[in-house]
Amino acid sequence: YKLKLIHGPNLNMLGVRQPEIYGHDTLSDIEQLVVSEAKKKGFAADCFQSNSEGAIIDAIQSCYQACDGIILNAGAYTHYSYAIRDAISSVMVPCVEVHLSDIHAREPFRSVSVLEPVCVKQICGLGKQGYVLAVEELIKNHVR
Ligand code: DQA
């Protein structure tokens, strides 16, 4: 059983980037957290980050028949990438959308996620704890 954790643009800057909004944890801290939470439940977790839309789409496509669930923080692509949305629809792998911040309580453009309709759940505003919930949600409710 395998999960894929995918991070989009600027999330490689976590820890440095606007810590008052995104917290002090680095991307590697979050990746280690997801790997250890998954492991507790007998799952492996592969981690990936890219600043490029195409590379994120390739990572999602690589999950086809190869992963049991996807945890995706697509960064700003969340708000306008129909191509990432189509990639999620294409692979037929359950995807949980995670955001560190509460996208519904910030600038209006952030409150719309074009990915939400094709994800099994949206988790936001809980910081890194949101990723722990995403692992639980996938394993409890979506992985057969
Ligand atoms: C984010 C929220 C997005 O609006 C923003 O562009 C990000 C991070 C979050 O984790 O809170 O890059 O996805």
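Right above here is the structure, for reference.
These numbers were taken from a predicted model, which means no experiment stands behind them.

Draft legend 1. Expanded view of the site of the ligand. Taken together, Asn10, Asn73, Gly75, Ala76, Thr78, His99, Leu100, Ser101, Ile103 and Arg110 make up the full set of residues adjacent to the ligand. Residue classes in the shell around the ligand are distributed as 3 nonpolar, 6 polar and 1 charged.

Draft legend 2. Main features of the nonpolar core. Grouped together as the largest cluster of nonpolar side chains are 35 residues, with contacts concentrated most on Leu3, Val34, Ile60, Ile70, Ile71, Val96 and Ala134. For this core, the secondary structure elements donating two or more residues are β1 (2–7), α2 (27–40), α3 (53–61), β3 (69–73), α4 (82–91), β4 (95–99), β5 (121–124) and α5 (129–142). With 4 residues, α5 is the single largest residue contributor to this core.

Draft legend 3. Molecular detail of the sheet that holds strand β2 (residues 44–49). Strand order in this open sheet of 5 strands is β2-β1-β3-β4-β5, and the pairing throughout is parallel. Each edge of the sheet is formed by a strand with only one pairing partner; in this case those strands are β2 and β5. Across the sheet, the mean angle from the axis of one strand to that of its neighbour is 20°, orientation sign disregarded. Pairing of β1 with β2 involves 6 bridges; the strand directions are parallel.

Parameters at a glance
Residues numbered from 1 in each chain as written. Predicted model: local features only at pLDDT ≥ 70, side-chain atom pairs only at ≥ 80, totals over all residues. Near = placed C-beta within 6 Å. Nonpolar A, V, L, I, M, F, W, Y, C, P; charged D, E, K, R; others polar. Core = buried A, V, L, I, M, F, W, Y, C linked by C-beta atoms within 7 Å. Buried ≥ 20, exposed ≤ 12 C-beta atoms within 10 Å, placed from the backbone. Helix = DSSP H or I, 4+ residues; strand = E, 2+ residues; numbered from the N terminus. Pairing = 2+ DSSP bridges. Axes fitted to C-alpha atoms, helices over the stretch in contact; angles between N-to-C directions.

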